[in-house]
Amino acid sequence: MALNLADLRKEYTQRGLHEADAAPHPFDQFERWFTEAQDADFGEANAMTLATATPDGQPEARIVLLKGIQDEGFLFYTNYASAKGQALDANPKAALLFFWAPLERQVRIEGRVERAPAAVSDAYFASRPRGSQLGAWASPQSTVISGRERLDDGLAEVRERYDGQDHIDRPPHWGGYRVVAERIEFWQGRPNRLHDRLLYTRAADGAWRRERLAP
């Protein structure tokens, strides 16, 4: 099947991003944009692409959900033994990408990655719906399984194990990661592909430098 993609294009005309209007600190700017994305109500504003690399340098990407910001780091949760968990243990660097198409905006984040403290992971796990808690125990994430029945049987087994118990322990193989931002770029679509790009870079002393990039 031949796809004609050459004529698929969109002109970005909604607004601009000027230095005078941008916050001096990138996390303040992120909060502004994230709040506007939530208010726009187009669904899962916290969905972000997480890009990692395997030990042999193979890039991998998938969508995960932002679940918090702590100490200038972006939090998400997963199975430590999953493909992304193994990649991050071997190469603790990652990139994040938010794309808010209705607002014609992107946010790109790069930084080192560390596991969240156990207490943070415990607190978040306790806040999850019971079904999600059970699912974290039932799924051997990223491993090859024989079929859907493997998941259904695993969930039934975990349900039986915790039947009648209000509290479900966090699995030792499941928890949070924190992407500690070193570079954050805010991208606003503009006409003629002359987009606005403001890049914040963390200096050695922890201060943030802001620069404009050519599109």
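To keep things clear, this report deals only with the structure shown in the data block. Note that the structure is a prediction, hence the values are computed from the model and not measured.

How each quantity is defined
Residues numbered from 1 in each chain as written. Predicted model: local features only at pLDDT ≥ 70, side-chain atom pairs only at ≥ 80, totals over all residues. Heavy atoms only, no water. Phe/Tyr/Trp six-rings, centres within 6.5 Å; stacked < 30°, edge-to-face > 60°. Helix = DSSP H or I, 4+ residues; strand = E, 2+ residues; numbered from the N terminus. Buried < 20%, exposed > 50% of the residue type's maximum accessible area, 1.4 Å probe, protein only. Salt bridge = Lys/Arg side-chain N within 4 Å of Asp/Glu carboxyl O.

Turning our attention to the packing of aromatic side chains. Any pair of aromatic rings gets described here by the distance separating the centres and the angle formed by the planes. Scanning the entire structure with this criterion turns up 18 aromatic pairs. Each ring, one from Phe30 and one from Trp100, has its centre 6.2 Å from the other, and the planes form 45°; the classification is tilted. Residue Phe30 is located in helix H1 (residues 26-40), and its partner Trp100 is located in strand S5 (residues 93-100); the two are separated by 70 residues in the primary sequence. The pair formed by Phe30 and Trp100 is uniform in burial state, with each residue classed as buried. An angle of 40° between the planes, with centres 6.3 Å apart, marks the rings of Trp137 and Tyr162 as tilted. Taken as a pair, Trp137 in helix H4 (residues 130-138) and Tyr162 in the loop between helix H5 (148-161) and strand S7 (174-188) lie far apart in primary sequence, 25 residues in all. For Trp137, a relative accessible area of 23% corresponds to the partly exposed category. The class of Tyr162 is buried, set by a relative accessible area of 6%. Each residue in the set Phe27, Phe30, Phe34, Phe74, Phe98, Trp100 and Trp208 is aromatic and connected to the rest through ring pairs, giving one cluster.

Quick look at the pattern of salt bridges now. Inspection of every chain in the model, using the stated rule, returns 20 salt bridges. Across the pair Glu36 and Arg15 runs a salt bridge, and its minimum N-O distance is 3.7 Å. With Glu36 in helix H1 and Arg15 in the segment before H1, the pair connects residues that are 21 residues apart, well separated along the chain. A salt bridge links Arg112 to Glu114, with the shortest nitrogen-to-oxygen separation between them at 2.9 Å. Among the residues examined, Arg112 registers a relative accessible area of 39% and is labelled partly exposed. Relative accessible area serves as the criterion here: at 27%, Glu114 is assigned to the partly exposed category. If you follow the salt bridges from partner to partner, you end up with Arg108, Glu110, Arg183, Glu185 and Arg197 in one network.

On to unusual backbone geometry, then. The phi dihedral of Glu104 is positive, around 55°, even though this residue is not glycine. Counting through the fold element by element, Glu104 comes out in the loop between S5 and strand S6 (105-115). A positive phi angle, close to 65°, is found at Arg193, a residue other than glycine. Counting through the fold element by element, Arg193 comes out in the loop between S7 and strand S8 (196-202).

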